[in-house]
Amino acid sequence: MRSRITHIDSGLIVPYEREMKKAMLTLTGVDHLFGTFLGETDELMGWAGVKANSNKYILKTIYVRQEYRLRGVYRGLLEYLLSVFNDKTIEAVCTLFLA
């Protein structure tokens with residue numbers, strides 16, 4: 001599945017707040033938010049939030065919308081984050097929840 005990943009504003013997540021609450025996820029404390037989109041469309045498939053500290057990055061949340069699961073979206077986001085945030089230790093504190 002072709003996708004593009006880019007830095008996004010938290011306002012793009014507003015239509016999916018119900019999904020996030022159901023999955024018990026939050027964007028609290030996130031400094032960097034990335035979204036993955038279907039090809040060149042504006043269809044948001046998932047997002048990831050990272051907090052930056054002086055000595056490490058903290059992966060706070062990764063969420064993939066139900067209809068895009070099992071298509072490599074989560075893996076794509078994770079691999080992207082690992083390539084971008086590669087100058088410090090990365091600590092994951094997010095929880096995987098499948099609703």
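Keep in mind it's a predicted model, so treat the numbers as computed, not measured. (Residues numbered from 1 in each chain as written. Predicted model: local features only at pLDDT ≥ 70, side-chain atom pairs only at ≥ 80, totals over all residues. Heavy atoms only, no water.)

So, about the nonpolar core. Of all hydrophobic cores here, the largest spans 12 residues; its members are Ile8, Ile13, Tyr16, Met20, Ala23, Leu25, Val30, Leu33, Phe37, Leu44, Trp47 and Tyr63. Within the residue set of this core, elements represented by two or more residues are strand 2 (32-38) and strand 3 (44-52). In contact with Tyr63, not counting residues within four places along its chain, are Glu19, Ala23, Leu25, Met45, Gly46, Trp47, Arg69 and Leu77. (Core = buried A, V, L, I, M, F, W, Y, C linked by side-chain atoms within 4.5 Å. Buried < 20%, exposed > 50% of the residue type's maximum accessible area, 1.4 Å probe, protein only. Helix = DSSP H or I, 4+ residues; strand = E, 2+ residues; numbered from the N terminus. Contact = heavy atoms within 4.5 Å.)

According to the stated counting rule, one finds five aromatic pairs in the structure shown. The interplanar angle of 80° and the centroid separation of 5.9 Å between the aromatic rings of Phe34 and Phe85 together place this pair among those described as edge-to-face. Placement of Phe34 in strand 2 and of Phe85 in the loop between helix 2 (73-84) and strand 5 (89-92) is noted, with a sequence separation of 51 residues between them. Like Phe85, Phe34 is buried. Among the aromatic residues, ring-to-ring pairing joins Phe34, Tyr57, Tyr80 and Phe85 into one connected group. Here Arg4 stacks its cationic end above the ring of Phe37, 4.6 Å away from the centre of that ring. Residue placement shows Lys88 over the ring face of Tyr57; its charged tip is 4.9 Å from the ring centre. (Phe/Tyr/Trp six-rings, centres within 6.5 Å; stacked < 30°, edge-to-face > 60°. Lys NZ or Arg CZ within 6 Å of the ring centre and 35° of its normal.)

What follows covers helix 2. Between the first and last C-alpha of helix 2 there are 17 Å, a value that for 12 residues agrees with the 16 Å anticipated at 1.5 Å per step. If you check which residues of helix 2 are buried, you get Val73, Leu77 and Leu81. Along the axis of helix 2, the buried residues cluster in a sector spanning 70°; they form a single face. On its buried face, helix 2 sits against strand 1 (3-7), strand 2, strand 3, strand 4 (56-64) and strand 5. (Expected span 1.5 Å × (residues − 1). Arc of directions from axis to C-beta.)

To continue, consider the pairing of strand 5. Of the pairings in the sheet, the one linking strand 4 to strand 5 comprises four bridges and is parallel in character. Bridging from a neighbouring strand, Leu59 pairs with Ala92 of strand 5. For the crossover from strand 4 across helix 2 to strand 5, the handedness is right-handed. (Pairing = 2+ DSSP bridges. Right-handed = clockwise from strand over helix to strand, strands pointing away.)

Spatial relationships are all this shows, so hold off on functional conclusions.
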